[in-house]
Amino acid sequence: MLNRGMLKFTIQEMITIEKKEKYSYWQLPSQVEQMDKVLPLSNCVNRSDFVRTAIDFYIGYILQSQNADYLSPMISSVIKDEIQHTEKGMCEMLFKMAVELGKFNRLAAAYHDYTGVDWQQLNKVVKEEVAYTNGYISLETADEFINRKR
């Protein structure tokens, strides 16, 4: 978008506002044949319109690639920072959950007077259940798993 005083013009509007001038370029005959084949598919009226559209497209492509060279490091830096922030939050939550689970296990062991053998058997059963349910644990799936084992 180009600014001219208070008026703003797009590149397409600038093409229609500017006075067209005639230029002479060398063109490969095979390219002219290809251009004639795709001309009906292009929204262009004639060869000149097709060439102008192609040039506009290529200029936009070049400018976009220059912007990508500038933006790519910035985007990757932002993504990296966001991943690190998310990772830190997840680690904090996992730590808190581990503390709560440790408190619960100690209370359960003290209340039920579990022995080391009982814990080993429970550990084996829970590992199988987690593998069977793909990590989704609920009372319903636990009940189904226990009844399936019997």
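Remember, it's a predicted structure, so these values are computed and weren't measured experimentally.

**So, the overall build of the chain**
Logical step 1: Of regular secondary structure, the chain possesses 5 helices and 2 strands.
Logical step 2: Counting from the amino terminus, the chain carries its helices and strands in the arrangement β-β-α-α-α-α-α.
Logical step 3: Out of the 150 residues belonging to the chain, those deemed buried represent 10%.
Logical step 4: Across the chain, the fraction of contacts at a sequence separation of at least 24, relative to all contacts at a separation of at least 6, is 12%.

**A few points about the confidence of the model for the chain**
Logical step 1: For the chain, mean pLDDT is 79; residues scoring 70 or higher make up 80% of the total.
Logical step 2: Ranking the elements of the chain by mean pLDDT puts strand β1 (residues 2-4) last with 45 and helix α2 (residues 29-38) first with 93.
Logical step 3: For the stretch residues 1-7, pLDDT sits under 50, and the model shows 10 contacts to residues farther than four places along the chain or on other chains.

**Focus on a nonpolar patch on the surface**
Logical step 1: Residues V51, I55, I59 and L63 make up a contiguous nonpolar surface patch of roughly 320 Å² in combined accessible area.
Logical step 2: Inspection of the secondary structure assignment puts I59 in helix α3 (residues 47-112).
Logical step 3: Here I59 falls in the partly exposed class, since its relative accessible area comes to 41%.

**Focus on unusual backbone geometry**
Logical step 1: Not every positive phi belongs to a glycine, and N43 is a case in point at roughly 50°.
Logical step 2: Here N43 is to be found in the loop between α2 and α3.
Logical step 3: Overall, the relative accessible area of 80% leaves N43 in the exposed class.

**So, the side chain of D49**
Logical step 1: Within the secondary structure, D49 is located in helix α3.
Logical step 2: Sequence-distant contacts of D49, defined by excluding residues within four places in its chain, comprise N43 and C44.

**Points about the environment of V32**
Logical step 1: Turning to its location among the elements, V32 is positioned in helix α2.
Logical step 2: When the C-alpha positions of V32 and R47 are compared, they lie 8.7 Å apart, and in sequence the two are 15 residues distant.
Logical step 3: With residues up to four places along the chain from it excluded, the contact list for V32 reads Q27 and R47.

**A few points about the side chain of S42**
Logical step 1: Along the chain, S42 turns up in the loop between α2 and α3.
Logical step 2: Look at S42 and you get buried, because its relative accessible area is 17%.
Logical step 3: Engagement of the side chain of S42 in a polar contact is seen with the backbone oxygen of L39, the distance being 2.8 Å.

**Describing helix α4 (residues 116-133)**
Logical step 1: With 18 residues, α4 extends 26 Å between its outermost C-alpha atoms, agreeing within 8% with the 26 Å of an ideal straight helix rising 1.5 Å per residue.
Logical step 2: Residue N134 follows α4 closely and has a positive phi angle near 60°.

Procedures and definitions
- All residue numbers refer to position in the chain's written sequence, counted from 1.
- Only residues with pLDDT of at least 70 get local features here, since the model is predicted, and only at 80 or more are side-chain atom pairs given and counted; chain-wide, interface and lining totals rely on the full set of residues.
- Hydrogens and waters are ignored; side-chain quantities use all the structure's heavy atoms.
- Numbering of helices and strands starts at the N terminus; helices are DSSP runs of H or I of at least 4 residues and strands are runs of E of at least 2.
- The cut-offs for exposure are 20% and 50% of the maximum accessible area for each residue type, with area from a 1.4 Å probe on protein chains only; residues under the lower value are buried, those over the upper are exposed, and the others partly exposed.
- Any two residues whose heavy atoms approach within 4.5 Å are treated as being in contact.
- What pLDDT conveys is the predictor's confidence in a given residue, as a value from 0 to 100.
- Residues form patches when they are more than 30% accessible in relative terms and have no salt bridge. Like charges link within 9 Å. Nonpolar side chains (Val, Leu, Ile, Met, Phe, Trp, Tyr) link within 5 Å.
- Methods summary: accessible areas were calculated by the Shrake-Rupley approach with a probe of 1.4 Å, and residue burial reflects only the protein chains presented.
- Salt bridges are identified by distance alone: a Lys or Arg side-chain nitrogen within 4 Å of an Asp or Glu carboxyl oxygen.
- Contacts described as polar in this section are N or O atom pairs within 3.5 Å, which, within protein, must combine one atom able to donate a hydrogen with one able to accept it, while residues neighboring in sequence count only if both atoms come from side chains.
- One less than the number of residues in a helix, times 1.5 Å, gives the span that helix is expected to have.

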